[in-house]
Amino acid sequence: MIGEIAAVSAAFLWAVASMIYATLGRRAPALALNLGKGVIAIALLGITIVVQGLDAPALAGRSSLLLLLSGAIGIGFGDTVYLEALRYLGARRTLLLGTLAPPISACLALWFLREQLSPFAWGGIAVTIMGIVWVISERAAETHAATQQGRGLFYAFLASLAQAIGAILSRAALDNTAVSPQWGALLRLAAGVIVVVVWGVVRQQLQAWWQAMNTTDLLLRLFAASFAGTYLGIWLQQLSLKYTVTGISQTLNATSPLFVLPIAVLMGERISSRAWLGAFIAVIGVGLLLAHTG
C-alpha cells in the first residue's frame with residue numbers, strides 16, 4: 001500500500017497548497033507567486049540533487065528542447081493561469097477543472113504520439129466532463145459574480161490545456177531516456193521561471209512583484225505551499241509510481257478535488273450535495289480514463 005498512500009498524500013498536499021495559493025492570490029499577482037514558487041522549489045530540488053549526488057542527465061538536443069518547452073508552457077504559463085484561476089474561482093472549483101488535464105492529455109497523445117484510446121477511456125473522458133459540467137452549471141455563489149466566474153473558468157481551462165501540453169512534451173522528451181524525477185522537475189521549473197522573469201523584465205514589473213510579496217507572513221505561506229505542493233508532491237508522486245501501477249497512481253493523484261471539499265467545509269464554506277457528487281463523478285471518470293488508456 002506504500003504507492004497508494006504516497007499518491008493519496010500527494011493529492012492531499014496539492015489540495016492544501018491550492019487553498020494557500022487561493023488566499024495569497026488576493027495579496028500578490030499570479031506571476032509574482034509563480035516566480036516565488038518556482039525559485040523556492042528550484043532551491044529545494046537543487047539541495048536534494050546535491051545531497052543525493054545525482055549526476056546531470058545526458059539529454060540529446062531535441063530532448064532538452066522539448067523538456068524546457070514543457071516547463072515553459074506547463075509551468076511558466078500554466079501555473080500562472082492556474083494561480084489566476086484560484087483568485088477568481090477558489091481552490092474547490094479550480095481543482096475540479098484540473099481534472100480536465102488527463103482527458104486533454106489523452107486526446108493530445110492520440111493525435112501527436114499515436115497512443116490509442118479504448119472505448120472505456122472515451123467513456124472516462126465523457127464521465128469526467130459530465131461531472132465538471134454538473135458542478136459549474138450550479139448557480140454561482142454570491143461571492144463570485146458571473147463575470148468573475150466566467151473569467152476564472154477560462155483561466156482554469158487554459159491551465160488544464162497548458163498542463164496537458166506540458167505533459168505530452170515531457171513524455172516525448174523523456175521517452176527512452178533515464179532522467180531522475182528530480183532533474184526532470186528541476187529543468188522544467190527552471191524553464192518556467194525564465195519565462196516569468198523575462199515577462200517581468202519586459203513589462204518592468206519585477207520590482208512591483210517584490211514589493212507586493214515582501215512581507216514575512218506572505219513569504220512563509222508561499223514557502224509552505226511550495227514545499228508541500230511542489231517539492232513533496234514530486235517525491236510522493238515518484239514514490240507512488242515506484243510501488244504501484246501507473247493507472248492507480250495517476251488516478252489517486254487526481255483526487256485533490258475530493259480532499260479540498262472537507263478542507264473548505266472546515267474553513268466555513270457551504271458545499272452543496274451537487275458539488276460533492278460532481279467531484280466524485282469527475283474523479284471516477286479520470287480513473288476510468290487512466291485505467292483503460294493504452
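Preceding this paragraph is the structure being described.
1. Let's talk about the side chain of threonine 230
Phase 1 of the analysis: The topology assignment puts threonine 230 in helix 9 (residues 216-243).
Phase 2 of the analysis: A relative accessible area of 10% means that threonine 230 is categorised as buried.
Phase 3 of the analysis: Once residues within four sequence positions are removed from consideration, threonine 230 is found in contact with Tyr21, Lys37, Ala41, Leu189 and Ala225.

2. Re the pattern of salt bridges
Phase 1 of the analysis: For the structure shown, the criterion picks out five salt bridges.
Phase 2 of the analysis: We note a salt bridge from arginine 221 to aspartate 217, for which the minimum N-O separation is 3.2 Å. A residue pair is termed a helical-turn pair when its members lie 3 or 4 positions apart in one helix, as arginine 221 and aspartate 217 do in helix 9 at four residues.
Phase 3 of the analysis: One salt-bridge network, held together by shared partners, links Arg27, Asp217 and Arg221.

3. Structural notes on the nonpolar core
Phase 1 of the analysis: Judged by nonpolar contacts, the single largest core of 48 residues is most densely connected at Tyr21, Leu45, Leu86 and Leu222.
Phase 2 of the analysis: Counting residues per element, the ones that place at least two in this core are helix 1 (2-24), helix 2 (30-52), helix 3 (61-97), helix 6 (146-174), helix 7 (181-202), helix 8 (206-213), helix 9 and helix 11 (256-266).
Phase 3 of the analysis: The biggest single contributor to this core is helix 2, with 10 residues.

4. Some words on the packing of helix 1 against helix 3
Between two packed helices, the angle of one axis relative to the other and the distance separating the axes together describe the packing.
Phase 1 of the analysis: Where helix 1 meets helix 3, the closest approach of the two axes is 8 Å, and the angle between their N-to-C directions is 135°. Classified by the angle between their axes, helix 1 and helix 3 sit oblique to one another. Regarding helix 1 and helix 3, the two cross each other, and that crossing is left-handed. Along its contact with helix 1, which presents Trp14, Ala15, Ser18, Met19, Tyr21 and Ala22, the element helix 3 presents Tyr82, Leu83, Leu86, Ala91 and Leu95.
Phase 2 of the analysis: Its residues assigned to classes, the contact of helix 1 with helix 3 comprises 10 nonpolar, one polar and no charged.

5. A word on the packing of aromatic side chains
Phase 1 of the analysis: On inspection of all chains with the given rule, the structure shows seven aromatic pairs.
Phase 2 of the analysis: Each ring, one from phenylalanine 12 and one from phenylalanine 259, has its centre 5.7 Å from the other, and the planes form 75°; the classification is edge-to-face. Taken as a pair, phenylalanine 12 in helix 1 and phenylalanine 259 in helix 11 lie far apart in primary sequence, 247 residues in all.
Phase 3 of the analysis: With relative accessibility at 36%, the residue phenylalanine 12 sits in the partly exposed group.
Phase 4 of the analysis: Classification of phenylalanine 259 by relative accessible area gives partly exposed; the value is 24%.
Phase 5 of the analysis: Aromatic side chains phenylalanine 154 and tyrosine 155 sit 6.1 Å apart centroid to centroid with 50° between the ring planes, which places their arrangement in the tilted category.
Phase 6 of the analysis: On the basis of relative accessible area, tyrosine 155 is assigned to the partly exposed category, the value being 22%.
Phase 7 of the analysis: The rings of Trp14, Tyr21 and Tyr82 are connected pair by pair, giving a single aromatic cluster.

6. Some points on helix 3
Phase 1 of the analysis: With 37 residues, helix 3 should reach 54 Å at 1.5 Å per residue; the first-to-last C-alpha distance of 34 Å falls well below that figure.
Phase 2 of the analysis: Most pronounced at glycine 90, the bend in helix 3 amounts to some 120°.
Phase 3 of the analysis: Counting buried positions along helix 3 yields 27 of 37 residues, so the element is predominantly enclosed.

7. Points about the packing of helix 1 against helix 11
Phase 1 of the analysis: In contact at an axis separation of 8 Å, helix 1 and helix 11 are set at 50° when each is read in the N-to-C sense. Viewed along their axes, helix 1 and helix 11 adopt a mutual orientation that is oblique. Pair helix 1 / helix 11 crosses with right-handed handedness. Of the residues in helix 11, those in contact with Val8, Ala11, Phe12, Trp14, Ala15, Val16 and Met19 of helix 1 are Ser256, Phe259, Val260, Ile263 and Ala264.
Phase 2 of the analysis: The class makeup of the residues in the contact of helix 1 with helix 11 is 11 nonpolar, one polar and no charged.

What counts, and at which threshold
Residues numbered from 1 in each chain as written. Predicted model: local features only at pLDDT ≥ 70, side-chain atom pairs only at ≥ 80, totals over all residues. Heavy atoms only, no water. Helix = DSSP H or I, 4+ residues; strand = E, 2+ residues; numbered from the N terminus. Buried < 20%, exposed > 50% of the residue type's maximum accessible area, 1.4 Å probe, protein only. Contact = heavy atoms within 4.5 Å. Salt bridge = Lys/Arg side-chain N within 4 Å of Asp/Glu carboxyl O. Core = buried A, V, L, I, M, F, W, Y, C linked by side-chain atoms within 4.5 Å. Axes fitted to C-alpha atoms, helices over the stretch in contact; angles between N-to-C directions. Parallel < 35°, antiparallel > 145°, perpendicular 65-115°, else oblique. Left-handed = near helix turned anticlockwise from the far one by under 90°. Nonpolar A, V, L, I, M, F, W, Y, C, P; charged D, E, K, R; others polar. Phe/Tyr/Trp six-rings, centres within 6.5 Å; stacked < 30°, edge-to-face > 60°. Expected span 1.5 Å × (residues − 1). Bend = angle between axes of the 7 residues up to and from the residue.

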